[in-house]
Amino acid sequence: MNKRVKSLPELSLAPVIEIFNPSFKEVDKGTVTMLRGLLRQAEAGQISGFVYVLIKPDGHYSVDISSLERNNATFITGVLEVFKASLLEKIFRRRIQK
């Protein structure tokens, strides 16, 4: 049986959230302080895993998880959704205040 499949229209997302492309030229002291604190906690055994988004000065980014957390993909996915919701709330709150 040969069915004809109609092609779907090309869709695009509405521009809801403005995109920010960072262009940092100096060291962000807050980032360095945060990373040093996290390293101290990891060395003390207070952190069992790590998930990160690294933003580079040229706007590129990378993401990764520590080897221990690779076996907890479901948990990590849930945590990332909570994090995403928190970020979206901050974005929308900021837009409402403008």
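See the structure printed just above.
This one's a predicted model, so the numbers in the text were calculated from it and none came from an experiment. (Residues numbered from 1 in each chain as written. Predicted model: local features only at pLDDT ≥ 70, side-chain atom pairs only at ≥ 80, totals over all residues. Heavy atoms only, no water.)

## A word on the overall build of the protein
Moving on, step 1. When you go through the protein residue by residue, the secondary structure sums to two helices and two strands.
Moving on, step 2. In the protein, the order of α-helices and β-strands from amino to carboxyl end is α-β-β-α.
Moving on, step 3. Looking at the protein as a whole, 4% of its 98 residues are labelled buried.
Moving on, step 4. Of all intrachain contacts in the protein linking residues separated by at least 6 positions in sequence, the fraction that spans at least 24 positions is 41%. (Helix = DSSP H or I, 4+ residues; strand = E, 2+ residues; numbered from the N terminus. Buried < 20%, exposed > 50% of the residue type's maximum accessible area, 1.4 Å probe, protein only. Contact = heavy atoms within 4.5 Å.)

## Topic: the environment of Ser66
Moving on, step 1. With respect to the helices and strands, Ser66 occurs in the loop between strand E2 (61-65) and helix H2 (73-97).
Moving on, step 2. Here the alpha-carbon distance between Ser66 and Val51, two residues 15 residues apart in the chain, equals 6.5 Å.
Moving on, step 3. Apart from the residues within four sequence positions on either side, Ser66 is in contact with Gly49 and Phe50.

## Quick notes on the environment of Val79
Moving on, step 1. You can see Val79 is positioned in helix H2.
Moving on, step 2. For the pair Val79 and Val51, spaced 28 residues apart in the sequence, the C-alpha separation amounts to 9.7 Å.

## Describing the packing of aromatic side chains
Any two aromatic rings considered together are summarised by their centre-to-centre distance and by the angle between their planes.
Moving on, step 1. Applying the stated criterion to the full structure yields one aromatic pair.
Moving on, step 2. With a centroid separation of 6.0 Å and 35 degrees between ring planes, the pair formed by Phe50 and Tyr52 is classed as tilted. (Phe/Tyr/Trp six-rings, centres within 6.5 Å; stacked < 30°, edge-to-face > 60°.)

## So, the pairing of E2
Moving on, step 1. Two elements, strand E1 (residues 51-55) and E2, share five bridges in a ladder whose sense is antiparallel. Within the sheet, the bridge partner assigned to Val51 lies in E2 and is Ile65.
Moving on, step 2. Linkage of E1 to E2, two consecutive antiparallel strands, is achieved through a turn of five residues, within which Gly59 is found at a positive phi near 95 degrees. (Pairing = 2+ DSSP bridges.)

## Side note on a nonpolar patch on the surface
Moving on, step 1. Taken together, the side chains of Val51, Leu80, Phe83 and Leu87 define a hydrophobic patch exposed on the protein surface, amounting to about 330 Å² of accessible area.
Moving on, step 2. If one sorts the elements of the nonpolar patch by residue count, H2 sits on top with three residues.
Moving on, step 3. You can see Phe83 is positioned in helix H2. (Patch = residues over 30% accessible without salt bridge, like charges linked within 9 Å, V, L, I, M, F, W, Y side chains within 5 Å. Areas by Shrake-Rupley, 256 points an atom, 1.4 Å probe, with all protein chains shown as cover. Salt bridge = Lys/Arg side-chain N within 4 Å of Asp/Glu carboxyl O.)

By themselves, these are just geometric observations and shouldn't be taken as functional.
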